[in-house]
Structure formats: C-alpha cells, structure tokens
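A structural walkthrough
The lines below spell out each chain.
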Amino acid sequence: MGILTEERVKINVSETAGENCCVAACDGQKVYNKITAALCENKKIELSFAEITELTPAFLNSAIGQLYGCFPAEQIENSLLFTDISEEDEIILKRVTERAKTYFEHAYTCRKALKDVLGGEEDA
C-alpha cells in the first residue's frame, strides 16, 4: 500500500449519482467507483452530500459499505471525509459503515475457517 497523498478529490454525490434522491444501489455504485479509483491512488476524498434530498441504506451500502470488503477500515477512515450531510443521514451512514465493517470481518473469518476445514489454499 502506498503513502496517502495530501491531494484531495472532491466527489459530489448528487452529480455522480445523477440524482438528488439517492435511493438506488446502482446509483451508489457510481459513487463507489469514483471513491475506489481515488483510494487506489492513495488520495484523500471529500464526499459531499450537498443538495441530497433523500438517502437510503441501499444507496449507502453500495456507495460506502462495500468499500470495507476491498480496503482496510483504517485506510477508508483516514481517507474519506463526509461533508454537507444532514444529522439524520449521518446516523444512517454510521449504521451502514458499522454493519459493513462487522459483515466483512465475519465474512473473512468464515471464509478462512471454511478453507481450513476443506483444506483450501490461502489467497496470495
């Protein structure tokens, strides 16, 4: 993993998703793709929720939650800054991130245990 650069990428959620009403997982995937590209380049990310009128867990799971299956939680938390988010939406975001962290921690443990039992090879 490279060194985190101070270069900050600003991602406007409504522009990226193409909607002010962010409810669909497919729109969340667009945001996820931009975040992933920036994380792969070790950039800091400002994720702006300006002008968002509705935000659902399905959208956030797709945009943010699945990051925890690809990147270490520490990298995500040190790189990602959320701005212009309402208190209500911040509560949903916190719930989504905590569930994602728990899910991916348990998924890894379960896969490892299954490989141990079945005698599979470890990932390189």
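Residues numbered from 1 in each chain as written. Predicted model: local features only at pLDDT ≥ 70, side-chain atom pairs only at ≥ 80, totals over all residues. Heavy atoms only, no water.

The name an unreviewed UniProt entry assigns to the chain is DUF4325 domain-containing protein, from the organism Methanosarcina flavescens.

It is worth spelling out the environment of E90 at this point. With respect to the secondary-structure elements, E90 resides in helix α5 (residues 87–118). The class for E90 is partly exposed, based on a relative accessible area of 34%. Remark: the alpha-carbon pair of E90 and L55, spanning 35 residues in sequence, is separated by 9.9 Å. (Helix = DSSP H or I, 4+ residues; strand = E, 2+ residues; numbered from the N terminus. Buried < 20%, exposed > 50% of the residue type's maximum accessible area, 1.4 Å probe, protein only.)

This paragraph deals with the environment of K44. You can see K44 is positioned in strand β3 (residues 44–48). Residue classification places K44 among the buried residues on the basis of a relative accessible area of 17%. Residues K44 and K10 lie 34 residues apart in sequence; the distance between their C-alpha atoms is 8.7 Å.

Bringing the pattern of salt bridges into the picture now. Applying the stated criterion across every chain, the model contains five salt bridges. For E46, the salt bridge identified is with K10, shortest N-O distance 3.8 Å. Linking E46 in strand β3 with K10 in strand β1 (residues 8–12), this pair joins segments that are 36 residues apart in sequence. Residue E46 is classed as buried on the basis of its relative accessible area, which comes to 18%. Beyond isolated ion pairs, a larger network of salt bridges with shared partners links E77, E98 and K101. (Salt bridge = Lys/Arg side-chain N within 4 Å of Asp/Glu carboxyl O.)

Below, the discussion takes up the packing of aromatic side chains. For any two aromatic rings, the description comes down to two numbers: the centre-to-centre distance and the angle of the planes. Evaluated as defined, the whole model comprises two aromatic pairs. For the pair Y103 and F104, a centre-to-centre distance of 4.9 Å together with 80° between the ring planes defines the contact as edge-to-face. Of the residues examined, Y103 reaches a relative accessible area of 54% and is grouped as exposed. Note on F104: relative accessible area 25%, which makes it partly exposed. (Phe/Tyr/Trp six-rings, centres within 6.5 Å; stacked < 30°, edge-to-face > 60°.)

Within the largest apolar cluster, 28 residues are counted, with the highest numbers of intra-cluster contacts made by I35, L47, F59, L60, I64 and L67. Contributing elements (two or more residues each) for this core: α1 (13–17), α2 (25–40), β3, α3 (57–63) and α5. By residue number, the principal contributor to this core is α2, which donates five residues. When near neighbours in sequence (up to four residues on either side) are disregarded, I64 contacts I35, L47, L80, F82, L93 and T97. (Core = buried A, V, L, I, M, F, W, Y, C linked by side-chain atoms within 4.5 Å. Contact = heavy atoms within 4.5 Å.)

Let us now look at the side chain of S48. Assignment of secondary structure puts S48 in strand β3. Sequence-distant contacts of S48, that is, excluding residues within four places in its chain, are made with K10, I11, N12, V13, T83 and D84.

What follows is about unusual backbone geometry. For N42, which is not a glycine, the phi torsion comes out positive at approximately 55°. On the secondary structure map, N42 appears in the loop between α2 and β3.

Across a sheet, strands are paired by hydrogen bonds formed along the backbone, either parallel or antiparallel in direction. What the three strands build is an open sheet, ordered β1-β3-β5; its pairing is parallel. Single-partner strands in this sheet number two, and they are β1 and β5 (80–83). Going from strand to strand, the sheet's axes swing by 20° on average, the running direction of each strand aside. Both β1 and β3 contribute to a ladder of five bridges, which runs parallel. Paired with N12 across the bridge in β3 is S48. (Pairing = 2+ DSSP bridges. Axes fitted to C-alpha atoms, helices over the stretch in contact; angles between N-to-C directions.)

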